Amino acid sequence: MPQNQPVSHLTEKQARAELARLADVLGKANIDYHGEDLPTVDDAAFDGWKRRNQEIEALFPALKRVDSPSDQVGARPKDGFGKIRHSQRMLSLGNAFSADDVQEFVARVKKFLSIDPDQALRMTAEPKIDGLSLAVRYEEGRLVHAVTRGDGEVGEDVTANAKTVADIPQSLIDAPDILEVRGEVYMTHADFAALNETQAQLRQKPFSNPRNAAAGSLRQLDAEITRARPLRFYAYAWGELSEPLGVTQSEAVMRLQDLGFSTNPLFINCETLTELIAHYAQIERERSDLGYDIDGMVYKVDDLALQSRLGFRATTPRWATAHKFPAELAWTELLDIDIQVGRTGALSPVARLNPITVGGVVVSNATLHNEDYIAGRDSKGGKIRSGKDIRIGDWVQVYRAGDVIPKIADVDLSRRFAESVVFDFAAKLKQEGIEGSRDPGDAVWRYSGSEPLPDLAIETLRHFVSRQAFDIEGLGAKQIEQFYHRGWICTPVEIFTLETRFGPDQLQQLSKLEGWGIKSAKNLFDGINEKRRIALHRLIFALGIRHVGEGAAKLFANRFITWQAFEDAMCAAIPDSEPWAALVDIDGIGAVMAKSVAAPFQDSERLLAIRNLVAQLDVIPAEQIDTSSSPVAGKTVVFTGTLEKMTRAESKARAESLGAKVSGSVSAKTDILVAGLGAGSKAKKAVELGIFTLDEDGWISLIEEL
Ligand code: IVH
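Quick caveat: nothing in here was measured; it's all calculated off a predicted structure. (Residues numbered from 1 in each chain as written. Predicted model: local features only at pLDDT ≥ 70, side-chain atom pairs only at ≥ 80, totals over all residues. Heavy atoms only, no water.)

A. Molecular detail of helix H8 (residues 249-258). Of the positions making up H8, those classed as buried are Gln249, Ser250, Ala252, Val253 and Leu256. All buried residues of H8 lie within an arc of 165° about the axis, which places them on one face of the element. Buried residues belonging to H8 abut strand E3 (123-129), strand E7 (178-186), strand E8 (232-241), strand E9 (268-270), strand E10 (294-301) and helix H10 (304-310). (Buried < 20%, exposed > 50% of the residue type's maximum accessible area, 1.4 Å probe, protein only. Helix = DSSP H or I, 4+ residues; strand = E, 2+ residues; numbered from the N terminus. Arc of directions from axis to C-beta. Contact = heavy atoms within 4.5 Å.)

Below, the structure written as structure tokens:
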């Protein structure tokens with residue numbers, strides 16, 4: 001029976017069957033949980049199944065199901081919090097994406113109420129705060145509990161945490177006996193930035209956006225942690241009441257304000273569609289200066305008697321809608337189209353863009369999905385972008401919504417070069433030396449070569465732990481592979497979180513692996529912890545950035561001294577900017593290297609991964625060298641022959657850090673020739689030109705005087 005088998009012993013067939021069984025039992029447990037009955041499965045068993053599912057998926061990524069339980073988030077309240085059933089369901093809002101949608105919403109409301117379409121109807125308009133909703137219940141003026149939305153029926157009891165939020169009063173004067181206030185918990189941009197800085201100092205993971213930070217902070221099991229987090233709360237609605245708060249939405253919101261709640265200052269009344277849309281447009285313009293995230297506007301019928309006549313559909317009220325802001329857009333130049341080989345063999349085209357800021361994030365890559373998408377066709381042969389194809393050199397419109405990967409929305413044909421050519425997927429594969437094929441009916445090209453696919457994730461990890469990089473005792477290429485296949489370490493940061501993630505189960509599994517015992521696990525953790533303190537140049541090299549070898553890593557370290565200075569410079573180095581000019585101005589750094597080293601810092605996902613990693617480390621700054629006393633400052637040095645005590649890259653970086661210029665050929669301008677073993681024609685030429693020549697030891701004693 002596959003369900004009793006250790007994950008590492010499963011055959012592919014058994015793994016497939018076990019994933020199907022787990023999807024089934026986890027799905028059922030979720031339904032039981034949310035139905036009338038209380039849970040049929042305890043939390044530990046539920047979590048155990050979920051973990052087993054993840055472990056199998058890590059071992060057999062290709063078997064991951066489209067309905068994988070790993071992708072189902074948020075349904076079950078987090079362990080550790082009590083559960084509370086809402087006395088009135090917490091619903092969500094219908095969406096409008098255009099002025100036409102809003103017009104339809106208003107027309108529907110009027111029709112339902114039998115109001116003349118031309119007659120004015122008083123509405124409210126307010127920002128849709130991008131946070132998480134919370135219901136706070138007061139009885140006789142005292143806060144009794146605070147509950148997250150959960151699935152709308154049952155949420156998590158976060159009372160102790162809510163009590164630490166300054167905007168949420170703990171007691172009210174002259175309030176209805178029963179009052180449930182609903183609103184949004186959120187975090188301002190400034191508080192978010194400060195929190196992430198603290199996280200970095202504490203070696204904790206930074207949050208990816210203010211919404212996640214607010215959610216993570218509210219759902220802390222330790223309320224004292226929540227207290228230290230700067231959460232805010234805007235009240236905009238209510239649940240159970242023992243007496244009404246007013247006769248209109250506006251009156252009720254004002255009453256909440258009088259009771260001591262914060263309400264949003266951008267709340268207004270509107271009589272017509274034109275007013276709603278004008279307010280929407282104005283807030284959209286002000287959006288980036290508000291200091292907190294909003295993702296649209298919410299319109300509500302103002303008269304509460306009309307609201308109750310309108311009532312609800314299954315999950316949304318008829319009397320309100322959310323008018324979403326469009327995904328953020330920007331135009332930029334498409335520099336190149338690369339083909340990425342996925343772990344499953346899918347060959348995916350990726351747009352390399354001239355970096356541009358979209359919604360506050362620098363974007364330099366975007367997905368192009370597949371060959372048809374580039375050609376302007378959908379999977380059924382219909383037109384997308386009115387049939388416009390995408391070519392290298394085109395001006396393209398990039399968009400991103402929320403956290404999703406940037407996409408290309410449109411092409412500006414008026415800026416297309418006359419000599420531009422249609423992108424040829426097959427030719428590009430050939431040029432890259434990638435063997436691929438595309439089956440009829442399949443939108444995707446797939447790798448068809450006979451060589452096994454290089455597993456990029458493993459390669460990245462192997463490089464990361466290599467001798468010149470992190471060089472972790474007990475974690476070499478072989479162990480990395482073992483750990484990777486068990487899903488224990490899939491990315492560099494996971495090396496440093498391994499100890500905290502490792503439970504007794506994994507320790508036992510590890511002790512059974514060849515060459516491991518309980519003691520060696522402890523040695524491994526010690527080895528890892530020892531390397532948390534790492535020299536800046538080793539870290540830069542370990543990142544495995546294309547073109548950045550050891551020598552270049554040292555150059556960068558000597559130039560920027562601290563990790564923060566390096567990161568800031570890379571984030572800012574957008575072609576043609578001042579920081580870009582400063583970067584290519586470094587001796588030995590050309591445009592190709594500059595582009596390559598800055599690229600990961602200008603891609604929001606990769607940057608986040610790097611920051612998460614660095615948050616686990618203590619980076620030792622490079623030593624600041626005073627070149628004024630350097631005997632080789634300003635001198636042109638040539639290395640030739642084989643050096644035995646350092647690599648060519650190292651010696652070059654060291655010479656440069658001392659203010660010397662390293663050249664590849666001997667000429668009258670050469671000041672010093674360093675001749676290693678087997679030096680040939682260059683040494684001969686130096687003698688002819690009378691150039692000062694040293695052997696390797698001579699060179700070392702010269703520079704070590706410093
Ligand atoms: S009114 C019956 N007003 O948006 C629904 N919701 O997409 C009452 N939200 O779950 C909600 N700002 O978490 C309302 N000014 C606002 C809002 C708002 C944000 C959230 C809320 C809701 C979600 C629906």
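B. Looking closely at the site of the ligand. Close contacts around the ligand come from 13 residues, with Glu126, Ile129, Arg149, Glu184 and Tyr236 the closest. At 3.1 Å, a side-chain N or O of Lys128 approaches an oxygen atom of the ligand. Within the side chain of Ser133, an N or O atom sits 3.3 Å from an oxygen atom of the ligand. Bound to the protein, the ligand loses 88% of the 530 Å² it would expose on its own. Looking at the shell around the ligand, the element that brings in the most residues is E3, giving 4 residues. The class makeup of the residues in the shell around the ligand is 7 nonpolar, 1 polar and 5 charged. (Near = heavy atom within 4 Å. Polar contact = N/O pair within 3.5 Å; in protein donor to acceptor, adjacent residues only side chain to side chain. Areas by Shrake-Rupley, 256 points an atom, 1.4 Å probe, with all protein chains shown as cover. Nonpolar A, V, L, I, M, F, W, Y, C, P; charged D, E, K, R; others polar.)

C. Summary view of the sheet that holds strand E22 (residues 661-663). The strand order E22-E21-E23-E24 describes an open sheet built from 4 strands, whose pairing is parallel. If you trace the sheet from one side to the other, it starts and ends with E22 and strand E24 (692-694), each paired once. The average angle at which neighbouring strand axes cross in this sheet is 30°, direction not considered. Strand direction decides the pairing type here: strand E21 (residues 636-640) and E22, joined by 3 bridges, are parallel. If you follow Val637 over to E22, its bridge partner there is Val662. (Pairing = 2+ DSSP bridges. Axes fitted to C-alpha atoms, helices over the stretch in contact; angles between N-to-C directions.)

D. Structural detail: the sheet that holds strand E11 (residues 320-324). The strand order E2-E11-E10-E3-E9 describes an open sheet built from 5 strands, whose pairing is mixed. Edge positions in the sheet fall to strand E2 (94-96) and E9, since each of these pairs with one other strand and no more. Between one strand axis and the next, the sheet turns by 35° as a mean value, whatever way the strands run. Packed onto the sheet, helix H3 (residues 99-112) meets E2, E3, E10 and E11 and runs at close to 175° relative to E11.

E. Quick look at the pattern of salt bridges. Under the criterion given, the structure shown has 30 salt bridges. A salt bridge links Arg211 to Asp130, with the shortest nitrogen-to-oxygen separation between them at 3.7 Å. With Arg211 in helix H6 (residues 210-218) and Asp130 in the loop between E3 and strand E4 (132-139), this pair connects stretches of sequence that are 81 residues apart. Given the relative accessible area of 25%, Asp130 is considered partly exposed. Close ionic contact of Asp191 with Arg232 constitutes a salt bridge, the shortest N to O distance being 3.1 Å. In this pair, Asp191 is assigned in helix H5 (residues 189-201) and Arg232 in strand E8, connecting sequence segments 41 residues apart. Looking at Arg232, the relative accessible area reads 33%, which means it is partly exposed. (Salt bridge = Lys/Arg side-chain N within 4 Å of Asp/Glu carboxyl O.)

F. Examining the side chain of Gln249 more closely. Tracing the backbone through its elements, the reader meets Gln249 in helix H8. There is a polar contact of 2.9 Å between the side chain of Gln249 and the side chain of Gln307.

G. Fine view of the layout of surface pockets. When its volume is computed, the second largest pocket comes out at roughly 740 Å³. Around the second largest pocket, the lining comprises 22 residues; the ones closest to its centre are Gln54, Glu57, Ala58, Gly487 and Cys490. Secondary-structure elements contributing two or more residues to the lining of the second largest pocket are helix H2 (43-59) and helix H15 (492-501). In terms of residues, the lining of the second largest pocket owes the most to one element, H2, which gives 5 residues. Residue classes in the lining of the second largest pocket are distributed as 9 nonpolar, 5 polar and 8 charged. (1 Å grid on protein atoms, 1.4 Å probe; cavity = no way out; pocket = protein on both sides within 12 Å on 5 of 7 lines; lining within 4 Å. Points joined across faces, edges and corners; volume = space filled by probe spheres on them.)

H. Representation of the nonpolar core in the model. Membership of the largest hydrophobic core comes to 62 residues, with the highest contact counts inside it found for Ile495, Leu539, Phe556 and Trp563. Broken down by element, the residue count for this core peaks at 6 residues, all from helix H19 (residues 550-560). Apart from residues no more than four positions distant in its own chain, Leu539 is found in contact with Phe470, Ile534, Trp563, Leu613, Val614, Leu617 and Val619. Membership of the second largest hydrophobic core comes to 34 residues, among which are Ala146, Val158, Met187 and Leu195. (Core = buried A, V, L, I, M, F, W, Y, C linked by side-chain atoms within 4.5 Å.)

I. Expanded view of the packing of aromatic side chains. Scanning the entire structure with this criterion turns up 20 aromatic pairs. Considering the side-chain rings of Tyr280 and Phe325, the 5.1 Å spacing of their centres and the 45° angle between planes classify their relative orientation as tilted. Note that Tyr280 is positioned in helix H9 (residues 273-286) and Phe325 in the loop between E11 and strand E12 (328-341), a separation of 45 residues in sequence. Relative to Phe425, the ring of Phe423 lies with its centre 6.3 Å away and its plane at 85°, an arrangement referred to as edge-to-face. No difference in accessibility class separates Phe423 from Phe425, as the two residues are buried. Chaining the aromatic ring pairs together yields one cluster made of Phe556, Phe560, Trp563, Phe566 and Phe601. (Phe/Tyr/Trp six-rings, centres within 6.5 Å; stacked < 30°, edge-to-face > 60°.)

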